[in-house]
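# Tertiary structure, described
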Amino acid sequence: MSVEIYTPQAFHRQAHDALGNPQIRGNFRKAMDGLMTKRRDIFNDWDLETLRELGANIRLRALAKLPDLLEQLEANCQANGIQMHWAEDGDQACRIIREICQARGAKSVIKGKSMVSEEMHLNAHLEEAGIEALESDLGEYLVQLNEQTPSHIIMPAIHLNTDEISDILHDKTGTERTRDVDYMTAAARQQLRERFMSADVGVSGVNFAVAETGTLCLVENEGNGRMTTTVPPVHIAVTGIEKVVEHLRDVAPLYALLTRSATGQHVTTYFNLINSPRKRGERDGPEEVHLVLVDNGRSSIYQDDELLDTLRCIRCGACMNHCPVYTRVGGHTYGTTYPGPIGSILMPHMLGLEATQDLPSASSLCGACGEVCPVKIPIPDLLVRLRKEAVGEGRGNVLGAGVKRNKKEVAAWKSWQWMATHPGAWRGGTAIAGKLQVMMPAKLGPWTDYRTMPKPAKTSLHALMKRHRQEKES
Amino acid sequence: MTPVKLYPPKPEKVYFYGTCLVDIFFPEAGLDGVRLLEREGIEVVFPEDQTCCGQPAYTSGYESEARAVAESQLALFPEPWPIVVPSGSCGGMMRTHYPALFAGTNSEVRAMEVAGRIFELTEFLVHVCHLQLEDRGAPEKVAMHTSCSARREMGLAETGPALLAKLGHVELVEQARAAECCGFGGTFAVRHPEVSAAMVEDKTQAIEATGTKRFVTSDCGCLMNIGGRFEHQEKPVQGEHIASYLWRRTS
Ligand code: SF4
């Protein structure tokens, strides 16, 4: 099977394909409807707005002190015996992880879920160096077997239905073809268990890194995160620099928001707090723990007081679950590590606007994403800001700013501006628009493929109001 | 926390801001909005020089063009009367985006002042006019689509249904995923036509599934999109701006 390559440049083609694929559309619709219901039901008995306000403030406070908190995190982690590494971009982070593996002569790596590692294509990098990297999150494992990328940041295999999963497991691992979910889960579990025992290194992500205590928090449901971080002799945690929070007490509200927003759970099955490698006299835990802090474009967003809000994200995926565009086209269509609304405001900083120029406009600005975001990121405003950047009207500090500016569109907006600032001409234009109907094109490209052509009324509101006034006066 | 909005007592005069879509495509909806206000004893002033709030350019990223157009509109409301807009989308632009658009410019204060006087029509009818309606129409079922801007940007999910509830012979039917976007989104429908089409298709199906032959909406963009989709499919479901519907049934 050939690896499917999705790129943000091909958004339109990928959207076309996804929209024409009943399987994809059905799978996403069903999954997103379910997730929306779960979220709605679980927040029922909560004062959601107060909690969101708190969550947003915790994140804002952490970001306001980010450089200091990172230093504090480093000092406290080191004091706990965690080895610290800093990476400017994905390549550097990959090299750091590979070198840690090579120093231990590692041949195999078992991985917990980590979107940052997707962002930097860690698996491919390790494979090239002759180190096998196996995903242990069930969804990630299926996606990896299927030679795909995750289509959702929380539920990587949400685009697959039971039959497809059965086929993948059968084709790649020789399990029986079945619709029995328990059987399939047990089979995958068995396959993974063996690998946990033999892996030389465990790699995981981080949900919150606590500066005050040097603690790494890991939220998960399958226990694979706990295995990854405790069974192999070396544990490497990798995370974006924005994941830091100031105090341990900041974690509880964020965790409550994260699990409820993501999967509609009060708590997850596992919540790991990692403080140090195995201590003298302890019977389990890795001999070495490393933390790799990855920048990869984040500090450049950090410079901009508006775009900075992007870094509040706690990666719950609720914005995707509620996005009507994501629901229709699915995650792969975006062609980026992070899809959906958060992807559209984050990926331009990682890949530049040239590659991602279709993403900020791939939203009707309906506001559903901003409404559900647990840390109140004003996603629609940031989409508009990036649209400005794309046409060269922003502050110019996003990579590839201005790439979308073209003469034809500028001319169109300029003439619109002229009309709308010359009321006489506007009234004249709207007054005759209805009368000129015959001269309007019968088709307006894509609009009329699905809808009838809007017809200008015979009499504009300006004209109607004039008549109305005269009638009242007489 | 969402701030509680304080509403003024019913004024003697208001400005009416028609919006460009109403002006060109649905002028009757605008006039019906005016009539509803006048019936409440309010004098309605329609500034002749109004054109467009600037939103299409603004959401496309063309901020300078949007600002130039918006600036010309700011001058149209010199008296301190409320400004009533029959559209959540233009209302949202003027109330929530004008202050940001003019931040740091000479017009900032004026933009904030104007923004503070913007009311969406159904909001104004419910919260300021405390409108009472006498339904003269035949009994029927109707579906309502509240625009995303009215719902989320202006926080007005309830005012349209509240007005319909005052019509004695009208039953508001529930549709699946009522809060989901119809796929219009201004230039979104042009830039991503296929995705937009998939969205409006689901919306028309949801409305149709209620069994009603009529839907009303608070925004002409949605009306154009959903109504245009029904028409394209030659389905017998009719759409109407809520102002026209209210006026028609009560006059
Ligand atoms: S942007 Fe908000 S809703 Fe989306 S993933 Fe991040 S925290 Fe969750």
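Now for a description of the structure that goes with this document. (Residues numbered from 1 in each chain as written. Chains lettered and ligands numbered in written order. Predicted model: local features only at pLDDT ≥ 70, side-chain atom pairs only at ≥ 80, totals over all residues. Heavy atoms only, no water.)

Moving on, we come to the interface of chain B and chain A. At the interface, 65 residues of chain B touch 69 residues of chain A. In total, about 5,900 Å² of surface goes out of reach between chain B and chain A, with carbon and sulfur atoms giving 60% of it. At the junction of chain B and chain A, the tally comes to 14 salt bridges. Ionic pairing is found between Arg29(A) and Glu180(B), a salt bridge with its closest N-O pair at 2.9 Å. Taken together, the connections running from chain B to chain A amount to 33 residue pairs in polar contact (both at pLDDT 80 or more). Of all the elements in the fold, those that place two or more residues in the side of chain B that touches chain A are helix H1 (20-24), helix H2 (27-39), helix H3 (55-60), helix H4 (63-74), helix H8 (148-153), helix H10 (188-191), helix H11 (193-209) and helix H12 (220-232) of chain B. For the side of chain B that touches chain A, the element with the most residues is H11(B), which contributes 9 residues. Looking at the side of chain B that touches chain A residue by residue, the class counts come to 30 nonpolar, 19 polar and 16 charged. (Contact = heavy atoms within 4.5 Å. Buried area = accessible area lost by both parts, 1.4 Å probe. Salt bridge = Lys/Arg side-chain N within 4 Å of Asp/Glu carboxyl O. Polar contact = N/O pair within 3.5 Å; in protein donor to acceptor, adjacent residues only side chain to side chain. Helix = DSSP H or I, 4+ residues; strand = E, 2+ residues; numbered from the N terminus. Nonpolar A, V, L, I, M, F, W, Y, C, P; charged D, E, K, R; others polar.)

A few words on the pairing of strand S10 (residues 288-294) of chain A. Residues and elements named next belong to chain A. Extensive coverage of S10 is indicated by the burial of 7 of its 7 residues. Because side chains alternate across S10, one face comprises the buried residues Glu 288, His 290, Val 292 and Val 294, and the other comprises Val 289, Leu 291 and Leu 293, equally buried. In terms of strand pairing, strand S1 (residues 82-87) meets S10 through 6 bridges, oriented parallel. Looking across to S10, one finds that Gln 83 is bridged to His 290. For strand S7 (residues 234-240) and S10, the ladder comprises 7 bridges, and the chain directions are parallel. (Buried < 20%, exposed > 50% of the residue type's maximum accessible area, 1.4 Å probe, protein only. Pairing = 2+ DSSP bridges.)

Moving on: the packing of helix H1 (residues 11-19) of chain A against H11(B). Between two packed helices, the angle of one axis relative to the other and the distance separating the axes together describe the packing. Two numbers describe how H1(A) lies on H11(B): the axes approach to 9 Å, and their chain directions differ by 30°. Our classification of the angle between H1(A) and H11(B) gives roughly parallel. Listed contacts from H11(B) to Ala15(A), His16(A) and Leu19(A) of H1(A) are Glu194(B), Val195(B) and Ala198(B). Considering only residue class, the contact of H1(A) with H11(B) consists of 4 nonpolar, 1 polar and 1 charged. (Axes fitted to C-alpha atoms, helices over the stretch in contact; angles between N-to-C directions. Parallel < 35°, antiparallel > 145°, perpendicular 65-115°, else oblique.)

Read these as geometric descriptors, not functional statements.
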